[in-house]
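# Notes for the structure review
Here is what each chain is made of, one letter per residue.
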Amino acid sequence: MKKKKKGFWKRNIGLAFVMPWLVGLLAFKLYPFIASFIYSFHSYNLFKTASFTGLENYKYILGDKLIVKAFIQTFKYAFLTVPLELMFALFIAYILNDKIKGLNFFRTIYYIPSILGGSVSIAVLWKFLFKTEGLVNIMLGALGIPAFNWLGNPDGAFFVIVLLRVWQFGSPMVIFLAALKGVQGDLYEAAAIDGAGKWKQFLRITVPLITPVIFYNFVTQLCHKFQEFNGPFIVTQGGPLRSTTLVSLLVYNEAFKRNEMGQASAIAWLLFLVIMTFTAVAFISQKYWVYYADEDGR
Amino acid sequence: MNRKEKARLNLFLRYLLLIGLGIVMIYPLCWMIGASFKTNSELFSSAGIIPMAPTLDGYRNGFKGYEGMNLLHFMGNTYKFVLPKVVFTVISAVITSYGFARFRFVGKNLLFALLLSTLFLPQVVLNVPQYILFNEVGWLNSYLPIVIPSMLGGDTFFVYMLIQFLRGIPKELEEAAEIDGCNVVERLWYVIVPMLKPSIVSCALFQFMWASNDFMGPLIYINSVRKYPVSIFLRMSMDTETGFDWNRILAMSLLAIIPSLAVFFMAQDSFVDGIAAGGVKG
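So, here's what we can say about the structure. Since the model is a prediction, treat every value here as computed from it, not as a measurement.

## Structural notes on the environment of Tyr110 of chain A
With respect to the secondary-structure elements, Tyr110 of chain A resides in helix α5 (residues 103–116). Once the C-alpha coordinates of Tyr110 of chain A and Val136 of chain A are considered, the two residues, 26 residues apart in sequence, prove to be 20 Å apart. Apart from residues no more than four positions distant in its own chain, Tyr110 of chain A is found in contact with Ile92, Leu96, Phe169, Gly170 and Met173 of chain A together with Leu17, Leu18, Leu21, Gly22 and Met25 of chain B.

## Describing the packing of aromatic side chains
Residue and element names in this part refer to chain A. What the rule picks out here adds up to 54 aromatic pairs over all chains. Residues Phe41 and Tyr58 carry aromatic rings whose centres are separated by 5.5 Å and whose planes lie at 45° to one another, so their mutual orientation is tilted. On the criterion of sequence distance, the pair formed by Phe41 in the loop between α2 (13–39) and β1 (42–45) and Tyr58 in helix α3 (residues 56–63) is long-range, its members being 17 residues apart. Since its relative accessible area comes to 13%, Tyr58 is described here as buried. Ring plane angle 35° and centroid distance 5.8 Å describe the contact between Tyr110 and Phe169, whose orientation is recorded as tilted.

## A closer look at unusual backbone geometry
Residues apart from glycine generally show negative phi values, whereas peptide bonds are mostly found in trans. Residue and element names in this part refer to chain A. Cis geometry is adopted by the peptide bond preceding Pro240, which originates at Gly239 and carries an omega value of -10°. With respect to the helices and strands, the residue Pro240 is situated in the loop between α13 (230–236) and α14 (247–257). Within the chain, Gln237 stands out as a residue other than glycine whose phi angle is a positive 50°. For Gln237, the position within the fold is in the loop between α13 and α14. Its relative accessible area of 41% is what places Gln237 among the partly exposed residues. In this structure, Asn259 takes a positive phi of about 60° despite not being glycine. Position of Asn259 relative to the elements: it lies in the loop between α14 and α15 (261–289).

## Description of the packing of helix α4 (residues 65–96) of chain A against helix α1 (residues 3–35) of chain B
Where α4 of chain A contacts α1 of chain B, the axes come no closer than 11 Å and their chain directions differ by 130°. As judged from the angle between their axes, α4 of chain A and α1 of chain B are oblique. Here α4 of chain A and α1 of chain B pass one another in a crossing that is left-handed. Seen from α4 of chain A, the contacting residues are Phe88, Phe91, Ile92, Ile95 and Leu96 of chain A; seen from α1 of chain B, they are Arg14, Leu17, Leu18 and Leu21 of chain B.

## Topic: the pattern of salt bridges
All names here are of chain A. Enumeration according to the criterion identifies 7 salt bridges over all chains in this entry. The partner of Glu85 in a salt bridge is Lys225, with the nearest N and O atoms 3.5 Å apart. Of the two residues, Glu85 sits in helix α4 while Lys225 sits in helix α12 (residues 211–226), which places them 140 residues apart along the sequence. With relative accessibility at 2%, the residue Glu85 sits in the buried group. Put simply, Arg258 and Glu254 hold a salt bridge, and the shortest N to O gap is 2.7 Å. Residue Glu254 is classed as buried on the basis of its relative accessible area of 8%.

## Some details on helix α13 (residues 246–266) of chain B
Helix length check: α13 of chain B (21 residues) gives 30 Å between terminal C-alpha atoms against 30 Å at 1.5 Å per residue, within 8%. If you look at α13 of chain B, its biggest bend is around 35°, right at Ile258 of chain B, and the proline Pro259 of chain B turns up within four residues after that.

Definitions and cut-offs
- Residues numbered from 1 in each chain as written.
- Chains lettered and ligands numbered in written order.
- Predicted model: local features only at pLDDT ≥ 70, side-chain atom pairs only at ≥ 80, totals over all residues.
- Heavy atoms only, no water.
- Helix = DSSP H or I, 4+ residues; strand = E, 2+ residues; numbered from the N terminus.
- Contact = heavy atoms within 4.5 Å.
- Phe/Tyr/Trp six-rings, centres within 6.5 Å; stacked < 30°, edge-to-face > 60°.
- Buried < 20%, exposed > 50% of the residue type's maximum accessible area, 1.4 Å probe, protein only.
- Axes fitted to C-alpha atoms, helices over the stretch in contact; angles between N-to-C directions.
- Parallel < 35°, antiparallel > 145°, perpendicular 65-115°, else oblique.
- Left-handed = near helix turned anticlockwise from the far one by under 90°.
- Salt bridge = Lys/Arg side-chain N within 4 Å of Asp/Glu carboxyl O.
- Expected span 1.5 Å × (residues − 1).
- Bend = angle between axes of the 7 residues up to and from the residue.

Encoded structure:
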């Protein structure tokens, strides 16, 4: 504004700052993104040249019962895990927000699983907990419930990997807690004077006011859960009867065990389209249920 | 029951729930600590935490390692890529966010839209071509595929988080610095970085946790046992376990998460602030 007529870099110094990122974007994001789209129409592995096969890979996927099953299991997994996780997160955050002594202590306890949950160590631990002779069955036994072969039963194993994620509700909880702090106290006071109980206050005041945060948590968690890999890979190895073979695991197997790079890319692209569809639907649905106090909100 | 009694009962129930659920959440971890000191026969017979016949066998055997490489070797491998990754992530995220938050330049809107869309780009679509790319440039079986993308601002989440923070910082100080003759780089270093410090710490901490937990990256790119990070080593030990050396596996798993736990306890507040700010704003 002050000085005019400078060199290109003088005028666009900001571009120099974002240049490394731009190079990374092109090399490690944009190029792979387009390449995987192209691979998905080829029969391709590391030992032979790619041959164009048109829609063959996609036809194969839709006709293969096991691949379709992986998609169905992934849906079930995401739509079971995310609502459960968010319900726990919001409920506990709501209780913690209400002048609880030892807030920091409880917050730490609930947050620790989120910090460690993604690690292999915890996956190993879960395998131990749910063995037939493991801790969970010992405890159930003390209550008189007979031992159950969690990891040997398709539904049991599925439940175990769902629980592993729900257990990590601490990180959305911390986000909810911060959002709840922003809800003004006088709203509750006014509602209490009008005779609204705690439960009613929660449903009529708290939930509507933090719908933007619920929305944010929902979309990000859904994206992650559609790509779940560690739990199924380490704890249940995709079994039994492929009940925990989620799509990411399938992509991994196709690409890095069977060396079917084209096939793997096609499956990954289908998953990408699924995720995009749900994200888009979520964004469109915003105007029906997400409340933004100011126009500044997204 | 009058109102006061009702309120007290309510409060009591809330604490009961918080404590009860807290115990359920944390018990598996406590059990793990105790179990690593148990004998293998006791491991699957009692639900208690305190071992009846404490033994260090699990740890002793854990440190024997594999073909002359002990657990510390593999933990060392993990931090050989985690630490550079954290440092480079922070540097590249600060530089990129400074560019986006403080300057106008050609194509900025387009680039910013690209930045936002990569926030939602699932890694699963990128894995195959990235692998083929890294194979062609000869980076497989090294830590380069894990570190280099971070050096080039590949962790968009952190870039975005810092942009959000920078937008909240008033520009007056920089303008004053400019009048005093500071150039753009000096303004970044002497004005922006000190103010961004809390957010930078949050970024570093999260990247430390995520990179240490990362499993799929090393699984795909590293193929010699000597270079395995501890995550892959643990998984390998679990698979090749022929006898019933359970306490050894638990002891090693526990040791592997101690650095993460230590960092978490030292910097708890930064974590909570970081996640809350990042989440609410973005």
